[in-house]
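Architecture and fold: a report
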Amino acid sequence: GFINSASNDILKLQLRRLGYRVSQGVFKANQQGGNSLRKRMYLIASTLDAPITLPPPEIVETANIWDKIILPNWDEIEQLDVTDTKVIKDALETGRARIINAEKGFSPTLARSQSQCPKDAVICERDGRYYRLPVSVQKAINNIPESFDLDWAPLDKASQIIGQSICYSMHERIMQSVRSHILSAAEKLNDELRMCQLAMGF
């Protein structure tokens, strides 16, 4: 909600007064190569003399997190049955449960407290049974590479890190836009330097 707030308006105004060009937007992971519905706001402020072109949404007609992530990890997921816990029963009764099943194309946004299995945690449903998501599956949902090492952290801390994180694929696309912006500005500066050198006879 920050993007529509008075605080955001003030921030952009002050940045522009300081000479920054500002580009911002709310990006959805499922529209940027991600597996979840996670939304994040990005604001890019730069004084470089080049356009900032943030990635447009990519509308995915068909996606299947079930076949892509859940089934390949089913042996591990199956060990985390929470169907008969009071928290899950309450979550289902109150409608707070956020569920992945075979019909869902994307995962809901992971909670920071996934490991504690609160009522609003993302859980997996199969044949009427409900399961917590292991850390490996949480990483896959946020497109975090396997090379990102969380083995040093206790499972609850690893889950918190993932739950608070961005979608890796979405972040990578936005950072590619930032990189292109920097390279365009550098190329323009090099062109201007070459023109100066030619004008001065160097």
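To start, this report covers the structure provided alongside it. (Residues numbered from 1 in each chain as written. Predicted model: local features only at pLDDT ≥ 70, side-chain atom pairs only at ≥ 80, totals over all residues. Heavy atoms only, no water.)

Ranked by size, the top nonpolar core spans 20 residues in total, and within it Ile70, Ile77, Ile100, Cys124, Leu133, Val137 and Ile141 carry the most contacts. Those elements giving two or more residues to this core turn out to be α2 (65-70), α3 (74-77), β4 (122-126), α5 (135-141) and α6 (155-164). Top element by residues in this core is α2. It accounts for four residues. Contacts of Ile70, omitting those with residues within four sequence positions, involve Ile65, Ile77, Ile100, Cys124 and Val137. Ranked by size, the runner-up nonpolar core spans 10 residues in total, among them Ala29, Ile52, Cys167 and Val178. (Core = buried A, V, L, I, M, F, W, Y, C linked by side-chain atoms within 4.5 Å. Buried < 20%, exposed > 50% of the residue type's maximum accessible area, 1.4 Å probe, protein only. Helix = DSSP H or I, 4+ residues; strand = E, 2+ residues; numbered from the N terminus. Contact = heavy atoms within 4.5 Å.)

It is worth spelling out the pattern of salt bridges at this point. Per the stated rule, a full pass over the model turns up five salt bridges. Among the ionic pairs, Asp49 bridges to Lys188, the shortest N-O distance being 2.8 Å. With a gap of 139 residues between them, Asp49 in the loop between β2 (39-46) and α2 and Lys188 in helix α7 (residues 168-199) connect regions that are remote in the sequence. Using a relative accessible area of 44% as the deciding quantity, one classes Asp49 as partly exposed. When the shortest N-O distance is used, the salt bridge between Glu58 and Arg173 registers 3.4 Å. Taken together, the residues Glu58 in the loop between β2 and α2 and Arg173 in helix α7 connect sequence positions 115 residues apart. For Arg173, a relative accessible area of 31% translates into the label partly exposed. (Salt bridge = Lys/Arg side-chain N within 4 Å of Asp/Glu carboxyl O.)

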